[in-house]
Amino acid sequence: MGKYSFRGGVHPRGYKELSAQKPFEVFLPKGDLVFPLSQHLGKPAVPVVKKNDLVKVGQLIAKADGFISSNIHSSVSGKVKIIEPRLNNAGILGESIVIENDGEYTPAEGVGEFSDYTTMTGKEIIDKVKEAGIVGLGGAGFPTYVKLMPKNPEEIRWIVANGAECEPGITCDDRLMVEHPDWVVNGLKVVLQIFPTARAVIAIEENKPDAINAIEKEISGDDRFSVLVLKVKYPQGGERNLVHAVSGQYMESGALPASLGVIVDNTATLAAIYKAVCLNTPLYERGLTVTGSGAANPGNYIVKFGTLASEILTFEDDIRLGTKKVVLGGPMMGVAIPNLDIPLEKRNNALTVLLEDDVETAQKQMTNCIRCGKCIRVCPLGLYPQMMAEAVERNNLQRFIDVHGLDCIQCGTCNYACPAKRPLTQLFKQAKPAAMALNRLNQAKKEGGK
Amino acid sequence: MSSGALLVITIILLGIVALLVGVMLVFAGNKFAVAVDPKESAVRESLPGNNCGACGYPGCDGLAAAIAKGEAPVNKCPVGGAPVAAKISEIMGVAAGESVRQVAFVRCSGTCDKAVTNSQYIGIRSCSAAAAIPGKGEKLCQDGCLGFGECVAQCDFDAIHIVDGIAYVDRTKCVGCGKCAKACPQHLIEIIPDDSVYAVACASRDKGKAVKAQCSAGCIGCRGCVIRCKNGAMTFANNLAHIDYEKCTGCGDCTVKCPSKVIVNRLSPQDQAAEKPAS
């Protein structure tokens, strides 16, 4: 079988050896837990608990507000201490529910009860996924139930489990596939219940032989499933690149995978779907990798949402002397955090602790753009990062939109490849919110004109 | 042919061509003349000519046309202020009305010694880039001046500078065009009347305890100024004191008990000295 890939991309060193062989450890927090009301794409959830309410593990504490929003459940049992603005991982003070942990982890009623998915209708499954507050655990945090309700359900041909995990250092999806392949495969079976005519593909980069073996063993004998071995290349796990690897077609600008008959879900999301539908367990914990040159104990942990990063990374035990930076996420797409009192939430898949800071070194060596075109060659979407950066530097947002800057997925590939060490991705990150607002305004004007 | 005759013929020929072209130009000038409102050109000449766009029209030409048509008030130019308004009102023959000089004011006093820093910012040295990442620059305060000087780059009049980590406005040079206010990603810069004595030099929306931890010069929201103000000019919203400049008489009661000295007297000599950039 040939190895599937995409146009462009780079080959950063994987650093997977730091934590790839470390089994999951369950991390039990001791201090207060902070649940930001916005842990997903879309509108923040609305709290349904009050100060001094007693909550249990898996109990609903905030309800989705609107179509693109998500429920939030408590990950511990204890008392609601206060609802106040706390620093969330977007770096802003966002309304958050603070829960005092009683350390007993009493489960709420019904959590963990087995139910049989084969007797459920698609609607029931989608409702359960929605209730459980499942969002895309790969990083974007898009509510999963919305993905499971495409406009063209009969045209869906492939359900793709995204196990590429191309970001250097992160191994939590790898460990999940090695330790619990049944969760991922059963998650796919649940989704196939909604789309009976579709086939399931588990896409894994070839640097994870253990995961490939485990999954292949799990799916043997069921011809609806297949494993797709992908080339090791960054950003192989990007949704658009995966859709290309699976369907052979490139997605149009602004299109969703469903337009090509594909639904892509992260392996961790599928495991969460299985747990929500079959075990009645809402999403309140996830796998998280601690990695990087500055991490004294790199490894994989099952982390309860709301745990502060400072509990997992303590200065005495877990951070090496000379650490320069802690990044939420991997080294390519992650964002540096200003302090460790940031709660971990649904979208966080890793904490990367870095000794020396390559960004600082790069900044010292930064020169003007030499127009070599390397960024254009490596961009997985075929964009023109050089022109986009020029537009942002000149504060010309319309030009940024015209050169399709809004399609940028901020993967950092152009940044990695740039010989002049231009801070391209930061420029795009800075420009995108304002450019999106301008784009909406333009569209409103166009519609108003008609 | 001798060279002398050639010279004479050339001069005569060129003279005839010049005459013909001159006649044609005069004819064309009369035939295709565009009627210019003499008022408009007079108004245009009285305007400063920076083309800064602070009036909201496309440059000084645009404003001159609008004033001449009577679409814009005569005191629309914030840069020229009262003298220019008086000149234009003479041309237009209408009363200038009162126009108070407007200047920019930076609502932050968190200099390097006062604001607590909690991290090191590595990345693009611009305010909008720093404001877009978690933690917003190096200061613990999320609402304060980031100090990378995006406002400085915008100013056409050399009136705003970064001194000791925050932006300062030179009141004598500032014309109140508001370009810096538009550029600031933290929305810290306010355009206020120049004759107002007091202003609140803080924009933190945090509660008192949090502000204390972030900066020794932050508004802690004690509301002492609101209680003391006899004119009802002080209001309180978002954990922050605000001054209504229309009601403020400049009595200074609000500053008496301000615990963090965040209501600054913009006119006292020491404050003026502090506002001037160290050159």
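Note: the structure precedes this text.
In this text the structure is predicted, and so the values were computed from the model without any measurement.

## Regarding the overall build of chain A
Across its full length, chain A carries 14 helices and 17 strands. Here the C-alpha atoms of chain A give a radius of gyration of 22 Å, agreeing with the 22 Å that 2.2 N^0.38 yields for 450 residues. Taking the principal axes of the C-alpha coordinates as reference, chain A spans close to 60 × 55 × 50 Å. When burial is assessed residue by residue, chain A has 54% of its 450 residues classed as buried. Long-range pairs, those at least 24 residues apart, make up 73% of the contacts in chain A between residues at least 6 apart in sequence. Accessible area of chain A: about 19,800 Å², with a carbon and sulfur share of 53%. Across chain A, the 51 positively charged side chains and the 50 negatively charged ones have centroids separated by 7 Å.

## A look at helix H3 (residues 59-69) of chain B
Residues and elements named next belong to chain B. Extensive coverage of H3 is indicated by the burial of nine of its eleven residues. Of the positions making up H3, those classed as buried are Gly59, Cys60, Gly62, Leu63, Ala64, Ala65, Ala66, Ile67 and Ala68. Among the structural elements, helix H2 (38-46) and helix H4 (81-92) are those in contact with the buried residues of H3. Just downstream of H3 lies glycine 70, where phi reads positive at about 85°.

## Observations concerning empty space enclosed by the protein
Residue and element names in this part refer to chain A. One pass over the full model with this rule turns up nine cavities of 30 Å³ or more. In this structure, the largest cavity spans a volume of roughly 230 Å³. Residue lining of the largest cavity: 18 residues in total, with Ala268, Lys275, Glu285, Arg286 and Gly287 positioned closest to the centre. When contributions to the lining of the largest cavity are tallied by element, the ones reaching two or more residues are helix H3 (172-179), helix H7 (267-278) and strand E13 (285-291). Counting residues per element, the lining of the largest cavity draws most heavily on H7, at four residues. The space that makes up the second largest cavity amounts to roughly 120 Å³. Taken together, the residues of the lining of the second largest cavity sort by class into ten nonpolar, six polar and three charged.

## Observations regarding the packing of helix H4 (residues 181-194) of chain A against H7 of chain A
The description of two packed helices rests on the angle between their axes and on the distance between the axes. Residue and element names in this part refer to chain A. With their axes 7 Å apart at the nearest point, H4 and H7 run at an angle of 70° to one another. Looking at the two axes, H4 sits roughly perpendicular to H7. The residues of H7 that touch H4, namely those facing Trp183, Val184, Asn186, Gly187, Leu188, Val190 and Val191, are Thr267, Leu270, Ala271, Ile273, Tyr274, Lys275, Val277 and Cys278. Its residues assigned to classes, the contact of H4 with H7 shows eleven nonpolar, three polar and one charged.

## A word on the nonpolar core
Residues Ile97, Ile159, Phe195, Ile215 and Val277 of chain A are the most contacted members of the largest nonpolar core, which totals 70 residues. If one sorts the elements of this core by residue count, H7 of chain A sits on top with nine residues. Ignoring sequence-local partners within four residues, the contact set of isoleucine 159 of chain A consists of Leu188, Val191, Leu192, Phe195, Ala198, Arg199, Ala200, Val201 and Ile263 of chain A. Membership of the second largest hydrophobic core comes to 60 residues, among which are Val84, Met92, Val163 and Cys174 of chain B.

What counts and how
Residues numbered from 1 in each chain as written. Chains lettered and ligands numbered in written order. Predicted model: local features only at pLDDT ≥ 70, side-chain atom pairs only at ≥ 80, totals over all residues. Heavy atoms only, no water. Helix = DSSP H or I, 4+ residues; strand = E, 2+ residues; numbered from the N terminus. Rg over C-alpha atoms; globule rule 2.2 N^0.38 Å. Buried < 20%, exposed > 50% of the residue type's maximum accessible area, 1.4 Å probe, protein only. Contact = heavy atoms within 4.5 Å. Areas by Shrake-Rupley, 256 points an atom, 1.4 Å probe, with all protein chains shown as cover. Lys, Arg positive; Asp, Glu negative; His and termini not counted. Charge placed at Lys NZ, Arg CZ, Asp CG, Glu CD. 1 Å grid on protein atoms, 1.4 Å probe; cavity = no way out; pocket = protein on both sides within 12 Å on 5 of 7 lines; lining within 4 Å. Points joined across faces, edges and corners; volume = space filled by probe spheres on them. Nonpolar A, V, L, I, M, F, W, Y, C, P; charged D, E, K, R; others polar. Axes fitted to C-alpha atoms, helices over the stretch in contact; angles between N-to-C directions. Parallel < 35°, antiparallel > 145°, perpendicular 65-115°, else oblique. Core = buried A, V, L, I, M, F, W, Y, C linked by side-chain atoms within 4.5 Å.

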